[in-house]
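Fold and geometry: a report
What follows is each chain in one-letter form.
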Amino acid sequence: MYPHGMTKRGAGSGGRGLSVYVFPFDSFLISVFEFWTVHNENGLVISSSPFRCTAMTRVSNLMLLISLLLLILKGRRALCINTQHTFLIANDTFLKDGKPFRILGGEIHYFRVPAMYWEDRLLRAKSLGLNTVQTYVPWNLHEPEPDQLDLSELENYLKLAHKLDLLIMLRIGPYVCGEWDFGGFPAWLLAKQPPLRLRTSDASFLELVDKWWDTLLPTVVRFLYSRGGPVIMLQVENEYGSFGDDKLYLQHLVAQARYHLGDDVILYTTDGASKGNLENGSISSSNVYAAVDFATGSDPASAFLLQKLYNAPGKSPPLSAEFYTGWLTHWGERLAKTDAEGTASALADLLGVNGSVVLYMAHGGTNFGFSSGANTGGDSSEFQPDITSYDYDAPIGEAGDVSGEKFQALQKVLAQYHKSALPPSPPLPPRRQYGTVELTMVASIFDVLELLSKPSQGIQNEIPVYMEYLNQASGFILYQSVLPLHTKPGSQISVVEVHDRAQVYISLDETVSARKSDNLVFVGVMERWSMKSLALSSTTGKPGLQIYILVENMGRVNYGEYIFDPKGINCSVLLDEFPILNWRAHPIPLSDITVLSADFLQLQQQKGLHRRIIGNQMNLTTLSDSDFRGPSFFQGTLKIDSADGPADTFLSLRHWTKGVAFINGYNLGRFWPLRGPQCTLYIPAPLLKYGDNELVILELDRPNPDGIVELLDKGDFTCGNHTGTHMPLLSNKRRTPGWMVNNGL
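Just so you know, these numbers come straight off a predicted model, no measurement behind them.

1. Quick notes on the pattern of salt bridges
- Throughout the structure, instances matching the rule amount to 24 salt bridges.
- Here Arg124 makes a salt bridge to Asp120, at a shortest N to O gap of 2.7 Å. Of this pair, Arg124 and Asp120 both sit in helix 2 (residues 118-128), four residues apart, which is roughly one turn of the helix.
- Owing to a relative accessible area of 1%, Arg124 belongs among the buried residues under this scheme.

2. A word on the packing of helix 2 against helix 4 (residues 152-163)
- Two numbers describe how helix 2 lies on helix 4: the axes approach to 11 Å, and their chain directions differ by 40°. As judged from the angle between their axes, helix 2 and helix 4 are oblique. In this structure, the crossing between helix 2 and helix 4 has a hand that is right-handed. Between helix 2 and helix 4, the residues in contact are Trp118, Glu119 and Leu122 and Glu153, Asn156, Tyr157, Leu160, Ala161 and Lys163, respectively.

3. Remarks on unusual backbone geometry
- A cis geometry characterises the amide bond from Gly173 onward to Pro174, with omega recorded as 20°.
- Tracing the chain through its elements places Pro174 in the loop between strand 10 (167-171) and helix 5 (203-220).
- With an omega of 20°, the peptide bond running from His499 to Asp500 counts as cis.
- Summarising the element assignment, Asp500 is placed in the loop between strand 22 (492-495) and strand 23 (501-507).
- Here the phi dihedral of Tyr392 falls at roughly 65°; this positive angle occurs in a residue that is not glycine.
- With respect to the element layout, Tyr392 can be found in the loop between strand 17 (383-385) and helix 10 (405-415).
- Here Leu590, not a glycine, exhibits a phi torsion of approximately 55°, which is positive.
- Mapped onto the elements of the fold, Leu590 is located in the loop between strand 29 (583-588) and helix 12 (597-605).
- Classification of Leu590 as buried rests on a relative accessible area of 5%.

Cut-off values and rules
- Residues numbered from 1 in each chain as written.
- Predicted model: local features only at pLDDT ≥ 70, side-chain atom pairs only at ≥ 80, totals over all residues.
- Heavy atoms only, no water.
- Salt bridge = Lys/Arg side-chain N within 4 Å of Asp/Glu carboxyl O.
- Helix = DSSP H or I, 4+ residues; strand = E, 2+ residues; numbered from the N terminus.
- Buried < 20%, exposed > 50% of the residue type's maximum accessible area, 1.4 Å probe, protein only.
- Axes fitted to C-alpha atoms, helices over the stretch in contact; angles between N-to-C directions.
- Parallel < 35°, antiparallel > 145°, perpendicular 65-115°, else oblique.
- Left-handed = near helix turned anticlockwise from the far one by under 90°.
- Contact = heavy atoms within 4.5 Å.

Note that all results are geometric; they support no functional claim without further evidence.
Okay, here's the thing in structure tokens:
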């Protein structure tokens, strides 16, 4: 390693060689040292004399002195590593600039918070008593399509953290989990053939990881603490010990990280505090620090003693890299809540045995768009998708709240480890209850399929294929075919497996343009977690009729053995056990619904373009419980004319059924109040504007009969029938954290 910014040019490996050490200075290079080295036959240096090269003139010496002086004045390092910027481990202690340091960290994901609110949330973290922020780096966020990389969001977050004097622990994956779609892997990995063996030493998989890291890590290196930046540690993989034991895979990741980052940064792993997890997931032989996580309230001293067995002597400062302040929530469960005083007491116990800590989460944020992940139970069909909110019952609420008991209780504990008073939290961003917005049904998804489908004409295949094979990452996919000759009343439609939820329709019109008619009949729903066949009636059980299957991607599995989770249908659709062939697939990513804006206005003005599905009435107020409306877009306008400008608000979808909501073209996320518990979607003020704001809802099933939504000044999580437990630590149907695996839990 050479001093920051320096490189070694032309070094000989034996005999005589000229070694020139140079460092960058603005747009040109200036010689610093020139050594004439003499090596013996074994390559050992016999002598080394500076400035023996005759090319070194008095002018260059003068340039050297001037350059060094300017570097000193500019505060830049030149000839040696700046010992004032080190973060090391010695004597089982973190050392920051040579002094003992306790990490008081919290997890805050830049990708779950609007960029305009980053500073607000980070300042709240400092007010809580944190000196460090930990965050994942999701591969799929920064490379959603092959070779289309953009790291500007990460760079801006790191710059802001540095400005606010917060240190960063960066979890670079390539797998991150985090209740994030596909655990942070990009969806296009699922289309590779032969299929990749994710999280293993599979050469094809590692080649893609290396290519990703070849861009990521040279960017990160500029932000290392040893180079004057905020990044003190980088985590390799994530809780790998609860997944596999492929040491070649882990060692390859470490080698790549060291190649790009050098040796003056701490690499670490995080695994549950059990022997099995740490044996599988730690890499102590590669000088990688092993951190642990464990159940909030369990004995931290025992966990830290176990941790020491998997670190080199003197290299095991006690650290809980995920101290759970709350828990995640799936659709259909009660909102996860944990006791504030119990959490604070557990934190006090951990810090009382000289531990460092990262609160998971300090601030959860929101799974905007289609970013939320899912878990499974004993098999892939036990599918548990995460809600859109990632509040996590964290001390800093989804919308920035710090008035709750948990924030106060944890702050009181953390304040004891600061020499001066903690800074106050910034004022809460303004909130407003904007009231009721009336919505108008403007088109079914079938009416505007050409505008939404990528490509507009669809893609022909013999049998249905997964959306990833069609270069689609998220959203919906519509499969279209024709009922075969053996169709009859009572015929059964079935699919071996659908990922994740399918709505089936039959058109009573035999033409290809049948979906443009008023004659679509809803047949039923097939769901991943409750697969069943659907019977055709005397009306729909006729050969030659068009069949449509709309499949929703509800979020890819982000944890466990079933993480390989492509979406849609990739097998035969059967009619009475015989396959239906010749399907046209229409990918509907909904990545840009602004294409509909002008058409919305036209459709509203053109009488007769409101397509209804049989069994429903156009007047929403006449809907009965037995009525059903197919997937349709509704549009309304939120007018903001307050002199104070836009404020945070919460879109209440109570009395709606299931779908996706957009404000000014921005995807707020999925809603499913019928299942609950989430009734509202958080709308941060930066997404709004003065004047008219276009609200668009894609309702998949039945709309609110009143045709309205409400904008509230607080979130609501009281919808649905809550069949799950509020803190299901022992449930086998949700993500099992690393500390539970191999611990008999």
